[in-house]
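Tertiary structure, described
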Amino acid sequence: MSYGDELRREIMSEGVTPLIGVFDMFSASVAAKHYDGLFVSGFGFAASHYGLPDIGFIAWPDLVAFVQRLRLAFPGRHLLVDIDDGYVDPEVACHVVEQLEMIGASGVILEDQQRPRRCGHVDGKRILPLPEYLEKLDMVLRTRSDLVVVARTDATDEDEILRRAQALAETDADVVLVDGVRSVDWIRRVRSVIGGKPLLFNQIAGGRSPRISLPELTELGVDVAIYSTPCLFAAQSAMDAALLELKAADGRLPEMTPDAVGVKESIELLERNISRHHRPNGREMAGTPA
């Protein structure tokens, strides 16, 4: 079974499939201890790889190289990849999709923004004319073999949100995402116009969307939940706190406590990623302990 089919099967199963945003190999190593699904967040990758905001700086070869490293280290995890607008040109979008499927990505998210693009939870987003986006999406769908494709709209006008959600649901895309949904009521409205198509909900701290638990999302008819930035924001907070503590202690490291991370704990985490430590067939299914 392909990686795409594995993720597709998980999405179609009962309950909500959570995918945790990772921004580098170390954050992925931590996330893989707790969850079966990883999400390559454009927000996190732009921050980690370039030290820049998520406004279009990502070069697709860098992203593909990162996903290749992830797949080697985590052969049994779902990998959903944010490819933004497909890097503008539909031909480039199709090329990237072929590359990602070849190296073992499970799925991609393709949005309808036009450049200059923005994070889906901030102001200033501009979207492509719907026919232009649908043409690009159709090319991607005809290019993929088994890869899961999430069709995403960043529309903000209420009528346009529903019009686009319905149009995306009528394509062969596997999942629909309306980014920046502002309320539970709007999740219900989107659910009502997309029929039986799986629905994805994006949660990001400080973003537009409400904080909703997985059981609550299940009741709302959501099938997939991506958490774009918990690892990134936790890392920023923890590093700030650690460096402030170090400065206050005039450079003396804090005493090691039973729950602290030191050399031994860090090495133990990373050794799990060495290929020879994976199962004999080189790949365990998601949900199977590494």
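The chain is annotated in an unreviewed UniProt entry as Isocitrate lyase/PEP mutase family protein of Actinomadura nitritigenes.

1. Quick notes on the confidence of the model for the chain
Looking at the chain as a whole, its pLDDT mean stands at 92, while 93% of the residues score no less than 70. For the stretch residues 285-290, pLDDT sits under 50, and the model shows 14 contacts to residues farther than four places along the chain or on other chains.

2. Structural notes on helix H3 (residues 42-50)
Of the residues making up H3, those classed as buried are Gly42, Gly44, Phe45 and Ala46. If you follow the buried residues of H3, they end up packed against strand E2 (37-40), helix H4 (60-73), strand E3 (78-82) and helix H10 (230-248). The N-terminus of H3 is capped by Ser41, whose side-chain oxygen sits 3.2 Å from the backbone nitrogen of Phe43. Note on H3: the residue one or two positions beyond its end, Gly51, has a positive phi of about 65°.

3. Thoughts on the packing of helix H2 (residues 25-34) against helix H11 (residues 263-271)
Viewed as axis vectors pointing N to C, H2 and H11 meet at an angle of 80°, and their least axial separation amounts to 10 Å. The angle between H2 and H11 places the two elements in the roughly perpendicular class. Facing H2, whose interface residues are Phe26, Ser29, Val30 and Lys33, H11 presents Ser266, Leu269 and Leu270. Of the residues in the contact of H2 with H11, the class split is 4 nonpolar, 2 polar and 1 charged.

4. Some thoughts on the side chain of Asp82
Secondary-structure assignment places Asp82 in strand E3. Within polar-contact distance, the side chain of Asp82 engages the backbone nitrogen of Gly42 at 3.4 Å. Discounting residues that sit within four places of it in the chain, Asp82 has contacts with Phe39, Val40, Gly42, Leu63, Tyr87, Ile109 and Arg152.

5. Re the packing of aromatic side chains
Two measures describe an aromatic ring pair: the distance that separates the ring centres and the angle between the ring planes. Counted by the stated rule, this structure contains 3 aromatic pairs. Look at Phe43 and Phe233: their rings are 5.8 Å apart centre to centre, the planes differ by 85°, and that puts the pair in the edge-to-face class. With a gap of 190 residues between them, Phe43 in helix H3 and Phe233 in helix H10 connect regions that are remote in the sequence. Judged by relative accessible area, which is 26%, Phe43 ranks as partly exposed. Taking 6.1 Å as the distance between ring centres and 90° as the angle between the ring planes, the aromatic pair formed by Phe45 and Tyr50 counts as edge-to-face.

6. Some thoughts on the environment of Leu72
Relative to the assigned elements, Leu72 resides in helix H4. Here the alpha-carbon distance between Leu72 and Gly104, two residues 32 residues apart in the chain, equals 8.9 Å.

7. Some remarks on the sheet that holds strand E8 (residues 224-227)
In spatial order, the strands read E1-E2-E3-E4-E5-E6-E7-E8; together these 8 strands close into a barrel with parallel pairing. Across this sheet, the average inter-strand angle for adjacent strands is 25°, counted without regard to direction. Relative to strand E5 (residues 148-153), strand E4 (residues 107-111) runs parallel, the two being bridged by 5 bridges. Paired with Val108 across the strands is Val149, a residue of E5.

8. Concerning unusual backbone geometry
Most peptide bonds take the trans configuration, and most residues that are not glycine carry a negative phi. In this model, Tyr87 sits at a positive phi of 65°, which is unusual for a non-glycine residue. Position of Tyr87 relative to the elements: it lies in the loop between E3 and helix H5 (90-102). Of note, the phi angle at Asp250 is positive, near 55°, even though the residue is not glycine. Assignment of secondary structure puts Asp250 in the loop between H10 and H11. Its relative accessible area of 74% is what places Asp250 among the exposed residues.

9. Some points on the packing of helix H6 (residues 130-143) against helix H7 (residues 158-169)
Following both chains from N to C, one finds H6 and H7 inclined at 25°, their axes separated by 11 Å at the closest point. Judged on the interaxial angle alone, H7 and H6 are roughly parallel. Seen along the crossing, H6 lies across H7 with a hand that is right-handed. In this structure, H6 uses Leu130, Tyr133, Leu134 and Leu137 to contact H7, whose residues at the interface are Arg163, Arg164, Ala167 and Leu168. Among the residues forming the contact of H6 with H7, the class breakdown is 6 nonpolar, no polar and 2 charged.

Conventions and cut-offs
Residues numbered from 1 in each chain as written. Predicted model: local features only at pLDDT ≥ 70, side-chain atom pairs only at ≥ 80, totals over all residues. Heavy atoms only, no water. pLDDT = per-residue confidence, 0-100. Contact = heavy atoms within 4.5 Å. Buried < 20%, exposed > 50% of the residue type's maximum accessible area, 1.4 Å probe, protein only. Helix = DSSP H or I, 4+ residues; strand = E, 2+ residues; numbered from the N terminus. Polar contact = N/O pair within 3.5 Å; in protein donor to acceptor, adjacent residues only side chain to side chain. Axes fitted to C-alpha atoms, helices over the stretch in contact; angles between N-to-C directions. Parallel < 35°, antiparallel > 145°, perpendicular 65-115°, else oblique. Nonpolar A, V, L, I, M, F, W, Y, C, P; charged D, E, K, R; others polar. Phe/Tyr/Trp six-rings, centres within 6.5 Å; stacked < 30°, edge-to-face > 60°. Pairing = 2+ DSSP bridges. Left-handed = near helix turned anticlockwise from the far one by under 90°.

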